[in-house]
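Letter by letter, the chains look like this.
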Amino acid sequence: MVYLDHAAASPVDPRVLAFCSRYLAGDYGNPSALYSLGLSARQALEEARERVAALIHAESPKSIVFTGSATESNNLAIRGTALRNRKEGTHLIVSAIEHISVMNPMKDLQKAGFDLTVAPVDGEGVIDAAFLEEAVSAETTLVSINVANDEIGTVEPVREISRIVHEQGRYLHMNATAAAGRVPIDVVRDGIDLLTLSSNDLGGPRGAAALYIAPGVRIASVMPGGGQERGLRSGTENLFAIAGMGEAARYAGAEMAEEMAREQAIRDALVREVLTIDESYLTGHPTDRLPNHASFRFSRIEGESILLNLDTLFGIQVATGSACSSRTLEPSHVLLAIGLAHEEAHGSVVMSLGRQNTQADVPVVADAMARTVERLRSISPL
Amino acid sequence: MVYLDHAAASPVDPRVLAFCSRYLAGDYGNPSALYSLGLSARQALEEARERVAALIHAESPKSIVFTGSATESNNLAIRGTALRNRKEGTHLIVSAIEHISVMNPMKDLQKAGFDLTVAPVDGEGVIDAAFLEEAVSAETTLVSINVANDEIGTVEPVREISRIVHEQGRYLHMNATAAAGRVPIDVVRDGIDLLTLSSNDLGGPRGAAALYIAPGVRIASVMPGGGQERGLRSGTENLFAIAGMGEAARYAGAEMAEEMAREQAIRDALVREVLTIDESYLTGHPTDRLPNHASFRFSRIEGESILLNLDTLFGIQVATGSACSSRTLEPSHVLLAIGLAHEEAHGSVVMSLGRQNTQADVPVVADAMARTVERLRSISPL
Amino acid sequence: MEDRPQIGYSKKVMDHFMNPRNVGDFADPDGVGTVGNPVCGDLMQVSIKVEDDVITDVRFKTFGCGSAIATASMVTEMAKGKTIEEAERITRSDVADELEGLPPVKMHCSNLAADALHKAIEDYRARKKEVAAAPG
Ligand SMILES: Cc1ncc(COP(=O)(O)O)c(C=O)c1O
Ligand SMILES: Cc1ncc(COP(=O)(O)O)c(C=O)c1O
Ligand code: FES
Ligand code: FES
């Protein structure tokens, strides 16, 4: 098996699992409980907070709120900020290539009376800075743009975006689900007000994610209840997942440079090999992209059938933004946003690497890819 | 250690852990992925759904939506139902002893223009049926009442409540977080429209909970995103926790009668022994109560100091509804709702049993409790 | 955006909670101060014995949380052997400092202990005035 869909789901790092498993059956105390089992749980919770804060160079662990998923962090950031600051403005901006868990809360707010501007990107997925500069006004309370895109790998010019947003607008939220642990992020230096991070993308368990909230940023709670996490995310803390996220963040910080250089070398070899296939193209930015990320399109064939062929015949797992593979039978909005025609978007293949991949995977995947394309083209009428 | 706070946090059943651990590092596929690793993940997800549905005798697994926590299930049930059915009525009813994750979304809706009626309970925590009958009208779209209360153990007359609600009102939501796996629940027979269940309370991992939604009940999504779980709960499924919840539900169904008889025998002995202490009283209903649940109050002393004393000197973990132990320094609203004065609520102690408890715990806890009360009363000015 | 209580007592607080010093009252106290806690509804009583304006003995009783018991115990230790003027100067934060800190949500408990001591001293002064004013 060569697993190349780490953007969709990643195995938990065995070192992380060894660290956090104790919170399942042994140290199972509720961090709000006053007895010793609860206090040690609270300590573990705060330690995890420090570790996540350190990964993104937050000024203080207090800036980190743990949630249950990246979707929830994005919802909290977007709905919480828009609703809390409504009196100061009702204009929101989002890029055209945001994840659906950013897009949909934005569209919901639009239905509830907010103005929403969708900022275009260029053919390589880079935000249109001039458009953004025009669009941001004193009415703009929130701009949400991903640090890097999970479908095309493009890394956005974070500091330029931050500068533009803060010239007139209020808060910048960035979804770093795909980027954290892969490219350096410094929320203070980069001027980010809200940042979404997910545990599983760092090699931690599902069930935890974080939202960084810069000091002074005012946001509303969107899930009322017991008032945990400074009142912003109610519910008994999932310590197993949170402690795991903390440990994964620690490894991510300590090993990012080395591990990403390793994955990038594999990725570069993979791209080189795959692009030898006839009528194959890289999607997204050729250089400003996640080091673990390769995305392609192949003319005249369709992504779901590529995916199935690779899985069934070669034991290789990849993703696709093809219309056929989506719930709505629409091509990925990201691929359309970078200017692909429907039929071009059809042939999309996304590969996201992780710790388990090695250079040995390159010839295997390249060969399988070539055979798959050949086989499917031989069936294609185009 | 004698752990008696299973309502706050429970260890994961080792059999459950053995079953679901594979979804962390081995079978980590995303249930939405089209390749085989994703398909087997989806199968595991649907199997978990069947198991949870079976525990509460739902007509179909399709009625089960997985969420991330009981807090989230309660929010989805309450906000989702109220908002979606707003045109048909804006009157909501809640009992005075609901969990804060039910109470707070209700209060939020009240601020947003809904009418909220808080239905009182009697001195033993049983809902005032006559009041409820008066309160429910054709304007009432949602009534939320717990199956059983986690602080005083009282089990509500579910079928009577259902009958009253459905005479004129629309939907009945019941929070079964504390009750599921402890008292039989049959959503069809009992006439429940929405039911909250939590994984950890069944012996599964944190990070999963469920909302049962009866066929035909219309509710809105409250966390937009990728559209998983029939569009009602977006976000990549936490398969480890969900599969664990399913397995825990299976054991809960198969072993409830036997295990609850066992825990009830321990509980009964514990109550008998503890009530030999001077000026000690049971709170909640003497017989219509959760079989694993004992709750007391002791005059002239305070709960936090009881808790610390039991933990530090005797290694026994309990909970309290005392004002001193709460964030707001208010006594538990549940204890006030059953008519206790502030100073009476002060001396509250809650014990919730689990699989790990045995009859051998009874003399240990009873003796520790007696010594603790004696010591603290010797310090008390009252 | 309210912060959660930082429950988690220092070793010193736990020591005073588990081994409270000077528990009780006197058959013939020279001053007694009782204060109720308006915040959470607890009760604290401090009794003193005084000779030549020096607090020779002091005892407490508390109906309250771990922090209330520990701060009361601490206050009795701090007041013992001090002149009443010195004892009057013991502030709420002195008590908390001496205990190596209290969780923020529990600061009002240290208020309670210092207040009860100050009330006991007030009571002592009032009694002395009465005695001085009494004929013969
Ligand atoms: C009765 C009841 N309902 C709901 C909840 C909320 O559960 P969670 O904190 O896991 O979201 C709890 C938590 O203790 C509870 O006891
Ligand atoms: C870039 C990005 N953001 C957010 C999410 C949402 O994460 P989750 O589904 O874990 O809530 C994903 C999920 O794949 C993602 O790829
Ligand atoms: S060809 Fe079957 S879904 Fe597109
Ligand atoms: S006495 Fe109530 S909080 Fe300390």
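In this convention, every chain numbers its residues from 1, walking through the sequence in written order. Chain A is the first chain written and ligand 1 is the first ligand written, with later ones labelled in order. Whole-chain, interface and lining totals are the exception, using all residues; otherwise, since this is a predicted model, local features are given only for residues with pLDDT of at least 70 and side-chain atom pairs are given and counted only at 80 or more. Calculation of side-chain values draws on the structure's entire complement of heavy atoms; hydrogens and water are dropped beforehand.

Chemist: Explain the overall build of chain C to me, please; I cannot follow it from the model alone.
Modeler: Scanning chain C from terminus to terminus reveals 5 helices and 3 strands. Secondary structure of chain C in N-to-C order comes out as α-β-β-β-α-α-α-α. Using C-alpha atoms as the atom set, the radius of gyration is obtained and then compared with a globule rule of 2.2 Å times the number of residues to the power 0.38. Relative to the compact-globule value of 14 Å for 136 residues, chain C shows a C-alpha radius of gyration of 15 Å, a close match. Principal-axis analysis of the C-alpha atoms gives chain C an extent of 60 × 25 × 25 Å. Each residue gets one of three labels from its accessible area relative to the maximum for its type: buried under 20%, exposed over 50%, partly exposed in between, using a 1.4 Å probe on protein chains only. Per-residue burial for chain C yields a buried fraction of 51% across its 136 residues. In this analysis, two residues are considered to be in contact whenever any of their non-hydrogen atoms come within 4.5 Å of each other. In chain C, the share of contacts with a sequence separation of at least 24, taken over all contacts with a separation of at least 6, comes to 63%. Residue burial considers only the protein chains on display, and all accessible areas are found by Shrake-Rupley using a 1.4 Å probe. Here chain C has roughly 6,100 Å² of accessible surface; of this, 49% comes from carbon and sulfur atoms. By the counting scheme adopted, Arg and Lys are positive, Glu and Asp are negative, and His together with the chain ends is not counted. Throughout, a charge is located at the NZ atom of Lys, the CZ atom of Arg, the CG atom of Asp or the CD atom of Glu. Separation of charge centres in chain C, based on 17 positive and 23 negative side chains, amounts to 2 Å. Comment: elements are numbered from the N terminus, with helices defined as DSSP H or I runs of at least four residues and strands as E runs of at least two.

Chemist: What is the right way to look at helix H11 (residues 303–314) of chain B in this model?
Modeler: For an α-helix the count is 3.6 residues per turn, leaving residues at separations of three or four pointing the same way. Residues and elements named next belong to chain B. Under the 1.5 Å per step criterion, the end-to-end length of H11 is 16 Å for 12 residues, consistent within 8% with the ideal 16 Å. Among the 12 residues that make up H11, 9 are buried, leaving the element largely enclosed by the rest of the structure. Those residues of H11 lying buried are Gly303, Glu304, Ser305, Ile306, Leu307, Leu308, Asn309, Leu310 and Asp311. Positioned one or two residues after H11, glycine 315 has a phi angle of 65°, which is positive. The span you would expect from a helix comes to 1.5 Å times its residue count less one.

Chemist: Help me understand the nonpolar core in this model?
Modeler: General note: in soluble globular proteins, nonpolar side chains tend to be found buried as a group. Ranked by internal contacts, the top residues of the largest apolar core, which has 170 residues, are Leu195 of chain A together with Leu195 of chain B. Excluding its chain neighbours within four sequence positions, the residues that come into contact with leucine 195 of chain B are Ile56, Val147, His173, Met174, Ala176, Ile185, Val187, Ala210, Leu211 and Tyr212 of chain B. Note on terminology: a nonpolar core comprises buried Ala, Val, Leu, Ile, Met, Phe, Trp, Tyr and Cys residues joined through side-chain atoms within 4.5 Å. If you look at the next biggest cluster of nonpolar residues, it comprises 78 residues, including Ile306 and Met369 of chain B together with Ala116 and Ala120 of chain C.

Chemist: I keep staring at the site of ligand 1 and nothing clicks. Help me out?
Modeler: Throughout this document, a residue counts as near a molecule or strand when at least one of its heavy atoms sits within 4 Å of that molecule or strand. Around ligand 1, 13 residues are found, and the nearest of them are Thr236 of chain A together with Thr71, His99, Asp150 and Asn175 of chain B. Neighbouring residues of ligand 1 are not confined to one chain but are distributed across chains A and B. The separation between an oxygen atom of ligand 1 and a polar side-chain atom of threonine 71 of chain B is 2.5 Å. In the complex, the protein chains occlude 91% of the 390 Å² of accessible area that ligand 1 would expose alone. Take the shell around ligand 1: its biggest share by element is 3 residues, from helix H4 (residues 70–84) of chain B. Split by residue class, the shell around ligand 1 holds 2 nonpolar, 9 polar and 2 charged. Residues adjacent in sequence count toward polar contacts only when both atoms are side-chain atoms; beyond that, a polar contact is any pair of N or O atoms within 3.5 Å, and within protein one must be able to donate a hydrogen and the other to accept it. Amino acids are sorted into nonpolar (Ala, Val, Leu, Ile, Met, Phe, Trp, Tyr, Cys and Pro), charged (Asp, Glu, Lys and Arg) and polar (every other residue, Gly among them).

Chemist: Would you explain the relation of the copies chain A and chain B in this entry?
Modeler: The two chain copies are connected by a rotation around an axis plus a translation along it. A least-squares superposition brings the copies together, and it is based on the C-alpha atoms of residues with pLDDT no lower than 70 in both. Of the two same-sequence chains, chain A is brought onto chain B (RMSD 0.1 Å, axial shift 0.0 Å) by a rotation of 180°. Viewed as a symmetry operation, the transformation between the two copies matches a two-fold axis. Closest to the rotation axis within chain A is the C-alpha of glycine 207 of chain A, separated from it by 2.6 Å. In this assembly, 100% of the residues forming the interface of chain A have copies in chain B that are likewise at the interface, indicating an isologous arrangement.

Chemist: Please clarify how the interface of chain C and chain B should be interpreted in this entry.
Modeler: The accessible area lost on association of the parts is a frequent measure of interface size. With 27 residues of chain C at the contact, the number on the chain B side is 23 residues. Summed over both partners, the accessible area (1.4 Å probe) lost when two parts come together is defined as the buried area. When the two sides are added together, the surface that chain C and chain B hide from each other amounts to roughly 2,100 Å², 67% of it contributed by carbon and sulfur. Per-residue buried area on chain C facing chain B is highest for Phe17, Met18 and Phe63 of chain C; these three make up 28% of the total on that side. Any Lys or Arg side-chain nitrogen located within 4 Å of an Asp or Glu carboxyl oxygen qualifies as a salt bridge. Counting the contacts that link chain C with chain B gives 1 salt bridge. Taking the shortest distance from any N to any O, the salt bridge between glutamate 304 of chain B and lysine 106 of chain C comes out at 2.5 Å. For the pair chain C and chain B, the number of links is 9 residue pairs in polar contact (both at pLDDT 80 or more). Going through the elements one at a time, helix H1 (11–18), strand E2 (43–51), strand E3 (54–63) and helix H2 (66–79) of chain C are the ones with two or more residues in the side of chain C that touches chain B.

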